[in-house]
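Per-entry structural report
Listed below, chain by chain, are the residues.
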Amino acid sequence: MLRIPCPYCGPRDETEFAYGGEAHIARPQNPATTTDADWADFLFMRKNPKGRHRERWMHARGCRQWFNVERDTVTHQIVTVYRMGEPPPETPR
Amino acid sequence: MKSYSIFSLLRNALSYHQNWQAAWRSPEPKPAYDVIIVGGGGHGLATAYYLAKEHGITNVAVLEKGWLGGGNTGRNTTIVRSNYLWDESARLYEHSLKLWEGLSQDLNFNVMFSQRGVLNLAHNLHDLRELQRRVSAIRLNGIDSEILNVEQVKEMVPILNCSPDSRYPVLGASLQRRGGVARHDAVAWGFARAADARGIDIIQNCEVTGIRRDGDRVLGVETTRGFMAAPKVACVTAGHSSVLAAMAGLRLPIESHPLQALVSEPIKPILHTVVMSAAVHVYVSQSDKGELVLGAGIDAYTSYAQRGSLSVIEEIMASTVTLFPIFSRLKMMRSWGGIVDVCPDASPIIGKTPIRGLYFNCGWGTGGFKATPGSGHVFAHTIARDEPHPLNAPYALDRFANGSLIDEHGAAAVAH
C-alpha cells in the first residue's frame, strides 16, 4: 500500500487517490503539422522506467486536486511531491 | 531426450525414481547464435520450440535472468479461452487454443490442459446484451460459445449466488466449453524440454544488460555472462519490455503494472468450471490440489515490484464472497503479484521493429498465458521469415501510428 502525501491535505491512504500516469507529457503545439508518428508518441508511447518515475495523482476522495509525484517503481518509495505547474525538484539519486 | 511414457515411469519406479534424466541441459553459452531469445517464460520457450520444429532453426539461445517460468508464466491464474470479440483477436487466440488441444502429446509433457469450460457472468441488462453480441461475433468466427440463462447457470454452478437481491445479481452468462485451465509451470517446462531436445541452448541466470547494434541493425546482446552475437534478437520479456526497448533506443506504448492473484486453502472439489466476472473483476477456478485460484484486476500505478496493494485483494475478496457466500470462511493461503505489460488497446505487439533483426513480442497485459503456444508459433514464423505470420500481421507496432488499434479493453480482455 502507498501512503501518499497530498500537497494540500497531507499524507493519506492510497485508496483516496486516482492515478494519472506519466507526468510532463506535452501536447503537440501545432496539431495541423504534427505527424502521425508524433501523435502516436504523444498519445501512446511511455517511458515506463524501472526506477524513478514522475507521475500524476489526483486526490479523488479528498481535495480533488491534481499533483505530481516522483516515485520509485521498484521500491514504491515516494521521493518527492510537487504541485502542477512547478518544475520537478532536483532529487538526490 | 528420453520419451516419457507409462513404460519409462515403470522402469524408473524400479530404481526409486533416482535416475530420471534432467529435463534440459544447462549449457555454457556460445559466443554466437543464429537467434537469441530474451526471456525464458512460456512465450519465449514456445518461440524457441517452434523455431526448431517448424523452421529447422536450432542454433538458438534462450536467455533467462532468473529461472524458467519464474515470471508471469508461473504467476497467472492459468485460464485458457478464445472468446474474443474482434476478428483479429479471435483468430489469434483460437489458433492458440487449437495448439493447446494437442500440446501435451506434441511436447510429450503433460501440461494438464483441462477443458472444463469458462463462464463469463452478466450482472445487468447491459452486460447481458454485450455478452449476446460477443457470443454472436465469436460464433461467426467459428468458435464455440453459447449463452446460458440464469437457470442454466444455477444448474451448472449451484454455489453461485443467483438471488435477485444480491449486490451482483446473475442474469445469465456466456460459456465457452472448450476453454479451461492448464498447469502453468508444466507449460514452461514442457516447452523447455522439447526445445532443448532439438538442440536449443536454454541459459538461466543470464540477464541481458544491453543490446548492441550497428546503425539500424542488431549485432547481439550484452549479458551478465558476456557478449553474445546474433543477427536476430527476439525480446519476449513481458513486464520488462520497456526496459529492453530502451536498451535499443526504442519507445513502446506499454505501461507495467502489478497484477495480483491468490489461492485459498485446499478444499474438496466444489467448483468444476472457471467462473469469470469482468464487471466485478473476479475470476475463480479450483486447482487439482483443491485450492481456489483467484485473480484480481491490475493495480492502478506502474510498478516493477512483483507485489501490489492490499486494497486490490480486499476488493476481489469482497466480490468473490458476494458471488459465492459459501467461500466466506475459507482462509487464503498465499497472494503474489506479477508485472504485466499493458498496451493501450489491451492487445499484444508481435512483430518487427525499426531496427533490423530486432523483434518484440510484448504487451500481452493481463491475458498472455492462454496465448502461449499460439504466440510462440506466430512469433517463430516472424523471426524465421523476417515477416509476420498472417495471424500476427495486425499486431505490428506501427498500428499505434496508423490508428488500426485492436481495442479489446471493453470487449474481452478486461479480465483474465
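Everything below is about the structure printed above this text.
Here we summarise the structure given alongside this text. Per chain, residues are indexed from 1 in the order of the written sequence. To read the labels, note that chains go from A and ligands from 1, taken in the order they are written. Two thresholds apply to this predicted model, a pLDDT of at least 70 for residue-level local features and 80 or more for giving and counting side-chain atom pairs, whereas whole-chain, interface and lining totals are computed over all residues. Just so you know, side-chain values use all the structure's heavy atoms and leave hydrogens and water out.

Structural notes on the overall build of chain A
We count it as follows: What counts as a helix is a DSSP run of H or I of at least four residues, what counts as a strand is a run of E of at least two, and both are numbered from the N terminus. Only protein chains enter the accessibility calculation, which uses a 1.4 Å probe; a residue whose area is less than 20% of its type maximum is buried, one above 50% is exposed, and one in between is partly exposed. Pairs of residues are marked as contacts when any of their non-hydrogen atoms sit within 4.5 Å. In these tables, accessible area is a Shrake-Rupley quantity obtained with a 1.4 Å probe, and a residue counts as shielded only by the protein chains included in the view. For this count, His and the chain ends are skipped, Lys and Arg are scored as positive, and Asp and Glu as negative. Note on charges: their place is set at NZ of Lys, CZ of Arg, CG of Asp or CD of Glu.
Looking only at helices and strands, chain A has one helix and six strands in total. Moving toward the C terminus, one meets the helices and strands of chain A in the order β-β-β-α-β-β-β. Taken over the C-alpha atoms alone, chain A extends approximately 45 × 30 × 25 Å along its principal axes. Counting every position in chain A, which comprises 93 residues, the buried fraction comes to 41%. Look at the contacts in chain A between residues 6 or more apart in sequence, and 48% of them connect residues 24 or more apart. Of the roughly 5300 Å² that chain A leaves accessible, carbon and sulfur atoms contribute 49%. In chain A, 14 side chains carry a positive charge and 12 a negative one; their mean positions are 4 Å apart.

Considering the sheet that holds strand E16 (residues 292-298) of chain B
In any sheet, the strands associate via hydrogen bonds between backbone groups, in a parallel or an antiparallel arrangement. Residue and element names in this part refer to chain B. Quick note on the threshold: Two strands pair under a simple rule: DSSP has to find at least two bridges between them. Geometry is summarised by axes, namely lines fitted to C-alpha atoms with helices restricted to the contacting stretch, and by angles between N-to-C directions that run from 0 to 180 degrees.
Within the open sheet, the eight strands sit side by side as E5-E6-E4-E14-E15-E16-E13-E17. Their pairing is mixed. Only two strands of the sheet have a single partner each, and these edge strands are strand E5 (146-149) and strand E17 (332-342). The sheet shows a mean angle of 25° between the axes of neighbouring strands, taken without regard to direction. Both strand E15 (residues 282-286) and E16 contribute to a ladder of four bridges, which runs antiparallel. Following the sheet pairing, Gln 286 is matched in E16 by Leu 292. The strands touched by helix H9 (residues 310-323) within the sheet are strand E4 (118-122), strand E13 (255-264), strand E14 (274-277), E15, E16 and E17, with E16 carrying the most contacts at an inclination of about 125°.

Side note on a nonpolar patch on the surface
Residues and elements named next belong to chain B. Convention followed: Like charges within 9 Å and nonpolar side chains (Val, Leu, Ile, Met, Phe, Trp, Tyr) within 5 Å are joined into patches, using only residues over 30% in relative accessible area that form no salt bridge. By definition here, a salt bridge exists when the distance from a side-chain nitrogen of Lys or Arg to a carboxyl oxygen of Asp or Glu is within 4 Å.
Taken together, the side chains of Ile 6, Phe 7, Leu 9, Leu 10 and Trp 20 present a nonpolar region at the surface, about 530 Å² in accessible area. Here Phe 7 is to be found in helix H1 (residues 6-14). Assessed through its relative accessible area of 61%, Phe 7 is described here as exposed.

Overview of the interface of chain B and chain A
Selection criterion: The term buried area denotes the loss of accessible surface (1.4 Å probe radius) that occurs when two parts are joined, taken as the sum for both partners. By the convention adopted, Pro, Cys, Tyr, Trp, Phe, Met, Ile, Leu, Val and Ala count as nonpolar, Lys, Arg, Asp and Glu as charged, and the other residues, Gly among them, as polar.
Facing the 24 residues of chain B at the interface are 26 residues of chain A. Where chain B abuts chain A, roughly 2100 Å² becomes buried across the two surfaces, and 54% of that area is made up of carbon and sulfur atoms. For the chain B face of the interface with chain A, the top three residues by lost area are B:Arg251, B:Tyr301 and B:Tyr304, together amounting to 31%. Counting every contact that joins chain B to chain A gives one salt bridge. A salt bridge links A:Asp41 to B:Arg251; the shortest N-O distance between them is 3.0 Å. Elements with a contribution of two residues or more to the side of chain B that touches chain A: helix H8 (241-247), E13, H9 and helix H11 (399-402) of chain B. Split by residue class, the side of chain B that touches chain A holds 13 nonpolar, seven polar and four charged.

As for the packing of helix H3 (residues 87-101) of chain B against helix H10 (residues 372-385) of chain B
Residues and elements named next belong to chain B. Put simply, the rule is: Should an angle fall under 35 degrees it is taken as roughly parallel, and over 145 as roughly antiparallel, whereas 65 to 115 is taken as roughly perpendicular and any remaining angle as oblique.
H10 packs onto H3 with a crossing angle of 110° between their chain directions and a minimal axis gap of 7 Å. Considered as vectors, H3 and H10 are oriented roughly perpendicular to each other. Taking contact as the criterion, the partners of Leu 92, His 95, Ser 96, Leu 99 and Trp 100 in H3 are, on H10, Thr 372, Pro 373, Gly 374, His 377 and Val 378. Residues of the contact of H3 with H10, tallied by class, amount to five nonpolar, five polar and no charged.

Quick look at unusual backbone geometry
All names here are of chain B. You will see that His 17, though not glycine, has its phi angle at about 55°, which is positive. Along the chain, His 17 falls in the loop between H1 and strand E1 (35-38). Owing to a relative accessible area of 40%, His 17 belongs among the partly exposed residues under this scheme. The phi dihedral of Met 112 falls on the positive side, at around 55°, and the residue is not glycine. Relative to the helices and strands, Met 112 resides in the loop between helix H4 (103-107) and E4.

By themselves, these are just geometric observations and shouldn't be taken as functional.
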